[in-house]
Protein chains: 2
Amino acid sequence: MTADTLAPQTLLSRLSAIVGERNVLSEAADMAAYLAEPRELFHGRARCVVRPGSTAEVAAVLKLCDETHTSVVPQGGNTGLVGGQIPGQSGNADEIVLSLKRMDRVRETDTSSKTMTVEAGMTLLAVQEAAEAAGALFPLSLASEGSCTIGGNLSTNAGGTAVLAYGNARDLVTGLEVVLADGRVLSNLSKLKKDNTGYDLKHLFMGSEGTLGVITAAVVKLYPRPREMQTAFIGLKSPHEALALLNLAQALAGADVKTFELMPRFGLDIVINHAVAARDPLSSKHAWYVLLELGSQTDSGEAALMNILEQGAEQGLIDDAVVAASLDQRKDFWKLRELLSDMQKFEGGSIKHDVSVPVAKVPQFLDEVYPAVETFMPGARLVPFGHLGDGNIHCNVSQPVGMDKQAFLDRWYQMNEVVHAIVTRLDGSISAEHGIGTLKRDLLPGVKSPVALEVMRAIKAALDPKGLLNPGKVL
Amino acid sequence: MTADTLAPQTLLSRLSAIVGERNVLSEAADMAAYLAEPRELFHGRARCVVRPGSTAEVAAVLKLCDETHTSVVPQGGNTGLVGGQIPGQSGNADEIVLSLKRMDRVRETDTSSKTMTVEAGMTLLAVQEAAEAAGALFPLSLASEGSCTIGGNLSTNAGGTAVLAYGNARDLVTGLEVVLADGRVLSNLSKLKKDNTGYDLKHLFMGSEGTLGVITAAVVKLYPRPREMQTAFIGLKSPHEALALLNLAQALAGADVKTFELMPRFGLDIVINHAVAARDPLSSKHAWYVLLELGSQTDSGEAALMNILEQGAEQGLIDDAVVAASLDQRKDFWKLRELLSDMQKFEGGSIKHDVSVPVAKVPQFLDEVYPAVETFMPGARLVPFGHLGDGNIHCNVSQPVGMDKQAFLDRWYQMNEVVHAIVTRLDGSISAEHGIGTLKRDLLPGVKSPVALEVMRAIKAALDPKGLLNPGKVL
């Protein structure tokens, strides 16, 4: 029986029989929150939203969808920035949204194995808090952590500010529970640090944006909480000095370097001008800034930070720096970085680029992107900021002052072409941490080799032969 | 044209046309070193050994093999312990060995991006030395590092003694070049720390033991070399105290804990009794020992180690400890650990188990395995040693004194069953780091779910539809 032959009400009633009537939403008002997305680039349509409460219910829903040829769009906190979680993108109004948010329990915490087994619908913040309650650290951290879910984080291999020290989301996982397109459950909630029994299947599902299976639970790694954090806000001349400072910091403090975030003066100006109570921590202006943070188990952090700052100044890398003297001051420094993306809206339209290049090439990338953007659109104001330590720069562009916002946004893809051309030439990535989704799907063939695309399609066909999982996303 | 219809000499001459005549070995004497393996459990047969010198040659060889239905067994340093690199295991004497050893160049070193691009045939030692020459550290380290190759390490996702601090082999890679079964080259020699453009294909090939593609080159991560190492040899009562000490060490020194290796008194006795110039570092005997090593970028290591030892003693975890006062003494401590596996041969036959359990369950595993083995075979002498910090114990069993060696070895699989039953009940792995190969292939269905096996087979069929790559291994 196919979706064409199955009466819509029959599908809804069969879904209701699995998850309960109140967990099948089909009224427009009820579905609205699942169909809109934060950037308002994509507007979704769906037959219904289904909210299973257990792995067994997810499996039963997918089995039914397989039988009825119904397409499924898995969704976590609906915070994705590339449209991956939004249904109906390829014109099919009959897709269903599979919301994992009701699956929000910690199944087990094992502080001695340093693992926690969590369900996909937990918010990242709830996972962080559960780790903290167990005296440990779950290091994944990103701006939307209060509303994004760990399932979404894993299916998109989220990045964030702690990648430098702890790796991407995929690096924080030892085991995964996944429901396949036809409802089979692939369960391997392993706590093992070492296991070479066959292919490592979990890495296939992480980063595949719900196109190969639905992640329902995971075993994540816990880390010791650093006993003390040392935070410095540093003014310097250019990204060249910033990169040299990163190398110096890692040589002197190794894995204790937890944060190395870069931002230009214009970024700082935006936050100071628009955010309540934000102020410049340094007495004079600098072209670029670095937020450097060390986290240490021993009491060596303060001396290590001072050593980095002194040697950095001696080598001419640092023009000025201030060290947070209190937790409040540390929060103030972080606010300057964290509010940047939000405050940009007060400067009018913003075109985003989530790009990465090899760390050594970040200065060259920035040297090239400024004149290229100015040539393409005189007056456009670059705000490249982010994770220098990972080579990941959020190369945002604010509109020229006085330009019509829509006229600016209409040039989104052309601006992308200007920036992505430099990224590609420098062996970089056009999606460092946000994924492909719908937004960048048509760009993928331009940046991946034909063989890579063939292999991806072969795997997609092997795991989801009917093409029912998140159709039109990624591939 | 199939292997049946292609005259043997035709295949050899076509291979010679690709790699040069002297790089196609077909005489028994020339092939011998490629067909025997260190443990002498497997004896190979092959039509020839082909030694390509470049990725293009590997691609041409595989394309020819695809056309002629010729099975291919990729081989690195031929140090694998599960027979994965040995041809002719399933009775086919016409397989060819594809030796990667001629591909042994460093293609590029980038100290600022902290990456190095290496070819598959480099020995692990050569990779370590190239990193050291660049002032950096490539942390993967294992007993056979002088002869195993990085390509073999990656295709088997090797472990070793540095996993606790740096992860398994797969965690040390940012990019991979792979030749597929039909000769297509899947090249993504990326240096990026963050790249979410499509499925992460590299993790599929790492750990698949040459059954999905042939790894020809990789971009590996470099790390800062610790400025100082602090090494302690510690005597304690049982694995329970050892686990508590591990947790204490990580709480006090975090990522600076680089090594945490466990061994029983009988293991130390074996080394002392059989290795030249090995001696007990402690004045009295203890039931168990831990080799603990801290590596630090700052000068805090000595104080941190002292703090761990003092608090460990106060909490009753440590009975005695000695800190290495010189590099020579450090080497002596390591020798006690590293020679153990080799020296075991002087105690007669040894049955090996490369198992892991969740870290928290290591003490329980050891509590249970001693009586179980004694019940199964009175007098059998357990030598469980290894990487407590990863939950990976090499649970070797030396034969009872006076028993006939062959009679002992004849009970290999029954002994395995005794040990693996406990491992499986404790949610562990029967192959923590050595892989499946031929040795454990028939055990795989017993420890993986049917769904996991189905997915593995679907991926194998998608990437190697003719089943020509390392046939009969893993699956």
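Predicted, not measured: the structure shown is a model, and the values here were computed from it.

> Just to check I follow, could you spell out the overall build of chain A for this structure?
Across its full length, chain A carries 17 helices and 19 strands. Taken over the C-alpha trace, chain A has a radius of gyration of 23 Å; the compact-globule value for 475 residues is 23 Å, and the two agree within 12%. Reported as C-alpha extents along the three principal axes, the dimensions of chain A are approximately 75 × 55 × 45 Å. Across the 475 residues of chain A, 60% fall into the buried class. Taking contacts inside chain A between residues at least 6 apart in sequence as the whole, the part at least 24 apart equals 75%. Summed over all atoms, the accessible surface of chain A reaches about 16900 Å², with 51% contributed by carbon and sulfur. When the 44 positive and 55 negative side-chain charges of chain A are each reduced to one mean point, those points stand 4 Å apart.

> What is the right way to look at the nonpolar core in this model?
Note that soluble globular proteins tend to have their nonpolar side chains buried in a common cluster. Judged by nonpolar contacts, the single largest core of 89 residues is most densely connected at F138 and F205 of chain A together with F138 and F205 of chain B. The contacts of F138 of chain B, once residues within four sequence positions are left out, are L124, V127, Q128, A131, I150, L172, V220, K221 and L222 of chain B. Grouped together as the second largest cluster of nonpolar side chains are 52 residues, A242, L294, V355 and I393 of chain B included.

> Help me out: how do you make sense of the interface of chain A and chain B in this one?
For an interface, size is often stated in terms of accessible area lost upon the parts coming together. On the chain B side, the residues contacting the 79 residues of chain A number 79 residues. Across the chain A/chain B interface, buried area totals approximately 6300 Å², and carbon plus sulfur atoms make up 58% of it. The largest per-residue losses of area from chain A upon contact with chain B belong to K194, N196 and Y199 of chain A, which jointly make up 16% of the total buried on that side. There are 47 residue pairs in polar contact (both at pLDDT 80 or more) connecting chain A and chain B. Residue assignment for the side of chain A that touches chain B shows that the elements contributing at least two residues are β9 (185–188), α7 (202–205), α8 (239–253) and α17 (450–463) of chain A. In terms of residue count, α17 of chain A provides more of the side of chain A that touches chain B than any other element does, 10 residues in total. Residue composition of the side of chain A that touches chain B, by class: 34 nonpolar, 28 polar and 17 charged.

> Is there a simple way to explain the sheet that holds strand β4 (residues 96–99) of chain B in this structure?
Backbone hydrogen bonds are what pair the strands of a sheet, in a parallel or an antiparallel way. All names here are of chain B. Reading across from one edge, β1-β2-β4-β3 is the order of the 4 strands in this open sheet, with mixed pairing throughout. The sheet terminates laterally at β1 (24–25) and β3 (72–75), the two strands that pair on one side only. Summarising the sheet, β3 and β4 pair through 4 bridges and their orientation is parallel. Bridge pairing in β4 links V72 to I96. In this fold helix α3 (residues 55–67) packs onto β2 (48–50), β3 and β4, with an angle of close to 165 degrees to the strand it touches most, β4.

> Could you clarify how one ought to interpret the domain arrangement of chain A in this entry?
Residues and elements named next belong to chain A. Split by domain assignment, chain A resolves into domain 1 (8–99), domain 2 (106–224), domain 3 (228–338) and domain 4 (348–434). The distance between the C-alpha centroids of domain 2 and domain 4 comes to 30 Å. Listed as interface residues are 8 residues of domain 2 and, on the opposing side, 4 residues of domain 4. Counting the contacts that link domain 2 with domain 4 gives 0 salt bridges.

> Mind showing me how you'd approach the pattern of salt bridges here?
In a structure, side chains of opposite charge can pair up when their charged atoms sit close to one another. The full count for this structure, using the stated rule, is 54 salt bridges over all chains. Note that K194 of chain B and D390 of chain A form a salt bridge whose closest N and O atoms lie 3.5 Å from each other. Placement of the pair is K194 of chain B in the loop between β9 (185–188) and α7 (202–205) and D390 of chain A in the loop between β18 (381–387) and β19 (392–398), with the two residues belonging to separate chains. Taking the relative accessible area as the measure of exposure, K194 of chain B reaches 0% and is therefore buried. Taking relative accessible area as the criterion, D390 of chain A reaches 3% and is therefore assigned buried. Note that E119 of chain B and R107 of chain B form a salt bridge whose closest N and O atoms lie 3.1 Å from each other. With E119 of chain B in strand β6 (residues 115–119) and R107 of chain B in strand β5 (residues 106–110), the pair connects residues that are 12 residues apart, well separated along the chain. For E119 of chain B, a relative accessible area of 3% translates into the label buried.

> Would you take a moment to explain the relation of the copies chain A and chain B for this structure?
The relation between the two copies of this chain is a rotation about an axis and a shift parallel to it. By a simple turn and slide, chain A fits onto chain B: the slide is 0.0 Å along the axis, the RMSD is 0.0 Å, and the turn is 180 degrees. Considering both components of the superposition, the chain copies are consistent with a two-fold axis. Of all interface residues in chain A, 100% are interface residues in chain B too; the two copies therefore contact each other through one and the same surface.

> How should I be thinking about unusual backbone geometry in this particular structure?
Glycine aside, residues mostly have negative phi angles, and peptide bonds mostly take the trans form. Phi at A277 of chain A takes a positive value of approximately 70 degrees, unusual for a residue other than glycine. Not every positive phi belongs to a glycine, and E209 of chain B is a case in point at roughly 55 degrees. Given the relative accessible area of 7%, E209 of chain B is considered buried.

> Explain the packing of aromatic side chains to me, please; I cannot follow it from the model alone.
Within a pair of aromatic rings, the relevant descriptors are the distance that separates the centres and the angle that separates the planes. With the rule as written, the count across this model stands at 8 aromatic pairs over all chains. With a centroid separation of 6.3 Å and 85 degrees between ring planes, the pair formed by W288 of chain A and Y370 of chain A is classed as edge-to-face. Of this pair, W288 of chain A sits in strand β14 (residues 288–296) while Y370 of chain A is found in helix α13 (residues 362–376), placing the two residues 82 residues apart along the sequence. Relative to Y289 of chain B, the ring of F233 of chain B has its centre 5.3 Å away and its plane inclined at 25 degrees; by these criteria the two rings are stacked. Residue F233 of chain B is located in strand β12 (residues 228–236), and its partner Y289 of chain B is located in strand β14 (residues 288–296); the two are separated by 56 residues in the primary sequence. Feature note: the residues F233, Y289 and F333 of chain A constitute an aromatic cluster, connected by ring pairs.

> What is the right way to read the pairing of β12 of chain B from this model?
Along a regular strand, successive side chains alternate from one face of the sheet to the other. Residue and element names in this part refer to chain B. β12 sits mainly inside the fold: 7 of its 9 residues count as buried. With 9 bridges joining them, β12 and β14 adopt antiparallel strand pairing. Within the sheet, the bridge partner assigned to G235 lies in β14 and is Y289. One ladder, built from 4 bridges, connects β12 with strand β15 (residues 320–323); its direction is antiparallel. Within the sheet, the bridge partner assigned to F233 lies in β15 and is V322.

Calculation notes
Position numbers for residues start from 1 in each chain and track the written sequence from start to end. As they are written, the chains are lettered A onward and the ligands numbered 1 onward, keeping that order. Only residues with pLDDT of at least 70 get local features here, since the model is predicted, and only at 80 or more are side-chain atom pairs given and counted; chain-wide, interface and lining totals rely on the full set of residues. Calculation of side-chain values draws on the structure's entire complement of heavy atoms; hydrogens and water are dropped beforehand. Numbering of helices and strands starts at the N terminus; helices are DSSP runs of H or I of at least 4 residues and strands are runs of E of at least 2. The reference for a compact globule is 2.2 Å times residues^0.38; the radius of gyration itself is calculated from the C-alpha atoms. Each residue's exposure class comes from its accessible area (1.4 Å probe, protein chains only) as a fraction of the maximum for that residue type: buried when under 20%, exposed when over 50%, partly exposed otherwise. Residues are treated as being in contact if the distance between any of their heavy atoms lies within 4.5 Å. We get accessible surface area from the Shrake-Rupley algorithm with a probe of 1.4 Å; when it comes to residues, only the shown protein chains can shield them. By the counting rule applied here, Lys and Arg register as positive and Asp and Glu as negative, while His and the ends of each chain are not counted. A single reference atom marks each charge: NZ on Lys, CZ on Arg, CG on Asp, CD on Glu. Only buried Ala, Val, Leu, Ile, Met, Phe, Trp, Tyr and Cys residues count toward a nonpolar core, and they belong to the same one when joined by side-chain atoms within 4.5 Å. Computed with a 1.4 Å rolling probe, the buried area is the accessible surface lost when two parts are put together, summed over both parts. Any N or O atom pair separated by 3.5 Å or less is treated as a polar contact, with the protein-specific requirement of one donor-capable and one acceptor-capable atom, and with residues adjacent in sequence counted only for side-chain atom pairs. Any residue outside Ala, Val, Leu, Ile, Met, Phe, Trp, Tyr, Cys, Pro, Asp, Glu, Lys and Arg is labelled polar, Gly included; the first ten of those are nonpolar and the last four are charged. Here, strands pair whenever DSSP counts at least two bridges between them. Axes here refer to lines fitted to C-alpha atoms; in helices the fit is confined to the stretch in contact. Angles between the N-to-C directions go from 0 to 180 degrees. Where each domain starts and ends comes from a domain assignment, either automatic or drawn from a database. Definition used for salt bridges: Asp or Glu carboxyl oxygen within 4 Å of a side-chain nitrogen of Lys or Arg. Here the copies are matched by least squares. The fit uses the C-alpha atoms of residues with pLDDT of at least 70 in both. Between the rings of Phe, Tyr and Trp (Trp by its six-membered ring), a pair exists once the centres lie within 6.5 Å; its type follows the angle of the planes, with under 30 degrees stacked, over 60 edge-to-face, and the other angles tilted.

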